[in-house]
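A structural walkthrough
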Amino acid sequence: MSADPSADRQEADRSAAARTVPLARGLSVKLLLLTIAFVLLAEVLIFLPSVASYRMAWLKERLGTAAAVSVVLVQGDPQSLSRAAQDDVLAAMGATAIAVRDGGVSRLLAVADMPPSVDEHIAVADTGMAEAIAGALDTLVFGGERMLRVYGPVGDSDKEFELIMPDRRLREAMLTYSRTLALIALLLSLVTATLVYAAIDRIMIRPIRAMTRSMLSFSQAPDDPSRVISPAARADEIGVAERELSMMQERLQRMLAEQKHLADLGLAVSKINHDMRNILASAQLMSDRLRQAKDPAVQAFAPKLLRTLDRAVAYSEGVLAYGRTQEAPPARRRLRLRRLVEEVHGLLDIGEGIEFVNAVPPDFEIDADADQLFRLLTNLARNAVQAMAADTESALVRRLTVSAERKGSVSRILVADTGPGLPPKARENLFAAFRGSARSGGTGLGLAIAQELARAHGGGVELVESVGGRTVFAVTIPDQPVRLEAARGTLRRPA
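This write-up is about the structure you can find in this document. All values reported here derive from a predicted model rather than from experimental measurement. By convention here, each chain's residues receive numbers from 1 onward along its written sequence. Given that the model is predicted, a residue must reach a pLDDT of at least 70 before its local features are reported, and side-chain atom pairs must reach 80 or more before they are shown or counted; all residues, however, enter totals for whole chains, interfaces and linings. Only hydrogens and water are set aside; all other atoms, that is, all heavy atoms of the structure, feed into the side-chain values.

1. Re the overall build of the chain
Numbered from the N terminus, helices here are DSSP runs of H or I no shorter than four residues, and strands are runs of E no shorter than two. Regarding its fold elements, the chain presents 12 helices and 12 strands. Burial classes follow relative accessibility: with a 1.4 Å probe on protein chains only, a residue under 20% of its type's maximum area counts as buried, one over 50% as exposed, and anything between as partly exposed. Scored against the burial criterion, the 495 residues of the chain give a buried share of 33%. A contact between two residues is defined here by any heavy atoms of the two lying within 4.5 Å. Put simply, 68% of the contacts in the chain that link residues at least 6 apart link residues at least 24 apart. Only the protein chains shown count as cover for residues, and all accessible areas are computed by the Shrake-Rupley method using a 1.4 Å probe. Surface accessibility of the chain: about 29900 Å² in total, with carbon and sulfur atoms responsible for 58%.

Here it is as structure tokens:
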């Protein structure tokens, strides 16, 4: 426990803060903001050609009005119009001069104050979209004090009409149009973002939020079955993620339950072993005295009693060894495997009708830890004997055979029996403690310990065959790799 309570509280606050996501950084807010931004970006791309088209349409409309006035003036006498009438016509159109070109001859039909210069010439019939967009942006940003010359044909007329006009009204109309378009774009983006957000929130964000809550809740109490997520019946990626998360949480719960069971078992066996040590010590003292007795019957039963006590100690040590975090590293030496198998045979309690065959060649050597390999083979052989002992039919062949072969630098030990074979459940949970037992009431520790010891040697245990009448386990143990420094020292050593 920490000596500083304030530090513990700060650590708890940081942990709680890491488990919660502020609203401003949540997926929902990010999705809403991104949707609005993307819609506005699309509206900007639409805005530029729209405002350019509006500018050209506004200019064409003014040019068309000028053409209508020009027809009237051409048919009549332009000189007959008074200055006040000309000013009224030009003021209504927002122009300072109207002209018409016919057959290469230009005629000035109405004029107010002719400007000394024109800032921009706009041919309404020959302006492309790119040029129109550039002109619209130029008018919006820098316009208001410029003089324009707008010219071009109107309708099917072969005459070309011209207008000299300031761009102040044009810019005001374009600003009004731009504000209206921007307001519509903003409303459209908000409506679109809301609809997209609602759809994606229902389809994606809510399930993701539910999975996040489930993971946080499950991490606080992994042993509570009610905190396992209930996957929805969906066929998309979210459904697959929910089902995989549910299966992972269930597997983790089973694993934690097994680990807790192992921890409880290790604690219980440690307590039992502490008291059993005194009992076994007393039993061994009595058995030593029995060996000194002259009674032939006592002499016959004394070795069996000693073997029984040794097996009790071995069972206890086996469970305790499995409960430790790991086995001690193997102290490997060259061994004569046949003699080791004979010692295993001497320890087994083989009943009548079960034959033990030591088929290991007399000169077969293996590079292994003697004690660990003895435990490994004892576990495999004991399982085989117990499986065959369950068969009470006297005519059945019950034989346990241990053989060995070498392939290069790898030794392979085969433990075969003529028992009933492993049941399906045992084959599915092979080498899993408390689940891989082949008999009722078994723990499955024998195979689990054997696999752990073999892996400590760099090898493994595998089930080669398991059918009615034949079960074969193979133990693979490779030789130790030769150290390069040692090999060089041997080669350099003088004869």
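2. A look at the packing of aromatic side chains
Pairing of aromatic side chains here covers Phe, Tyr and the six-membered ring of Trp, requires ring centres within 6.5 Å, and sorts the geometry by plane angle: under 30 degrees stacked, over 60 edge-to-face, intermediate tilted. Tallied over the entire structure, the rule returns one aromatic pair. Consider the rings of tyrosine 54 and tyrosine 177, whose centres lie 4.4 Å apart with planes at 5°: the pair is stacked. Remark: tyrosine 177 occurs in helix α5 (residues 168–220) and tyrosine 54 occurs in helix α2 (residues 27–75); sequence separation between them is 123 residues. Residue classification places tyrosine 177 among the partly exposed residues on the basis of a relative accessible area of 26%.

3. Re the sheet that holds strand β9 (residues 398–407)
Taken in spatial order, the five strands of this open sheet run β7-β9-β10-β12-β11, and their pairing is mixed. Strands at the two margins of the open sheet, each flanked by one partner only, are β7 (354–358) and β11 (460–467). Each strand of the sheet is rotated relative to its neighbour by a mean of 15°, with strand direction disregarded. Two strands pair if DSSP finds at least two bridges between them. Note that β11 and strand β12 (residues 470–478) share seven bridges and pair antiparallel. The partner of glutamate 465 across the bridge, within β12, is valine 472. All axes here are fitted lines through C-alpha atoms, helices being fitted over the stretch that makes contact, and every angle between N-to-C directions spans 0 to 180 degrees. In the packing of helix α9 (residues 370–389) onto the sheet, the strands contacted are β7, β9, β10 (410–417) and β12, and the crossing angle to β9 comes to about 145°. Its contacts with the sheet put helix α11 (residues 445–456) on β11 and β12, and the angle it makes with β11 is roughly 135°.

4. A look at the sheet that holds strand β5 (residues 160–166)
Across the sheet, five strands lie side by side as β2-β1-β5-β4-β3; this open sheet has mixed pairing. Lying at the two open borders of the sheet, with one neighbouring strand each, are β2 (105–111) and β3 (120–123). With strand direction ignored, the average angle separating the axes of adjacent strands in the sheet is 20°.

5. Comments concerning helix α8 (residues 337–347)
Along α8, the residues classified as buried are Leu337, Leu340, Val341, Val344 and Leu347. Down the axis, α8 shows its buried residues gathered within 115° of arc, on one side only. The directions considered for the arc run from the helix axis to the C-beta atoms.

6. With respect to the nonpolar core
By convention a nonpolar core is built from buried Ala, Val, Leu, Ile, Met, Phe, Trp, Tyr and Cys residues, the set being connected through side-chain atoms within 4.5 Å. Counting 38 residues, the largest nonpolar core has Leu337, Ile366, Leu373, Leu377 and Leu400 as its most contacted members. If you list the elements that add at least two residues to this core, you get α8, β7, β8 (365–368), α9, β9, β10, α11 and β12. Per-element tally for this core: the top contributor is α9, with eight residues. Other than its neighbours up to four places away in sequence, leucine 337 contacts Val360, Phe364, Ile366, Leu373, Leu377, Ala404 and Ile413.

7. Quick look at the side chain of arginine 332
By secondary structure assignment, the location of arginine 332 is in the loop between α7 (296–323) and β6 (333–336). Here a polar contact is recorded for every N or O atom pair within 3.5 Å, except that within protein the pair must consist of a potential hydrogen donor and a potential acceptor, and residues adjacent in sequence are included only if both atoms are side-chain atoms. At 2.9 Å, the side chain of arginine 332 forms a polar contact with the backbone oxygen of aspartate 367. Look past the residues within four positions of arginine 332 in its chain and what remains in contact with it is Asp367, Ala368, Asp369, His457, Ile477, Pro478, Asp479 and Gln480.

8. With respect to the packing of helix α4 (residues 129–142) against α5
A packed helix pair is summarised by two numbers, namely the angle formed by the two axes and the spacing between the axes. For the pair α4 and α5, interaxial distance at closest approach is 9 Å and the crossing angle is 100°. When the axis of α4 is compared with that of α5, the two are roughly perpendicular. For the pair formed by α4 and α5, the contact residues are Ala136, Thr139, Leu140 and Val141 on the first element and Leu170, Arg171, Met174, Leu175 and Ser178 on the second. Only Asp, Glu, Lys and Arg are considered charged in this grouping, and only Ala, Val, Leu, Ile, Met, Phe, Trp, Tyr, Cys and Pro are considered nonpolar; every other residue, Gly among them, is considered polar. Of the residues that constitute the contact of α4 with α5, the class distribution is six nonpolar, two polar and one charged. Angular relationships are summarised with four words: roughly parallel below 35 degrees, roughly antiparallel beyond 145, roughly perpendicular across 65 to 115, and oblique for the angles in between.

9. Considering a nonpolar patch on the surface
On the surface, Leu40, Leu183, Leu186, Leu187 and Leu190 cluster together into a nonpolar patch covering about 410 Å² of accessible area. The greatest single-element share of the nonpolar patch, amounting to four residues, is contributed by α5. Position of leucine 186 relative to the elements: it lies in helix α5. For patches, a residue must show more than 30% relative accessible area and have no salt bridge; joins then use 9 Å for like charges and 5 Å for nonpolar side chains, namely Val, Leu, Ile, Met, Phe, Trp and Tyr. By salt bridge we mean one thing: a side-chain nitrogen of Lys or Arg within 4 Å of a carboxyl oxygen of Asp or Glu.

10. A word on the pattern of salt bridges
One pass over the structure, following the stated rule, counts 15 salt bridges. A salt bridge links arginine 399 to glutamate 355, with the shortest nitrogen-to-oxygen separation between them at 3.2 Å. With a gap of 44 residues between them, arginine 399 in strand β9 and glutamate 355 in strand β7 connect regions that are remote in the sequence. Residue classification places glutamate 355 among the partly exposed residues on the basis of a relative accessible area of 38%.

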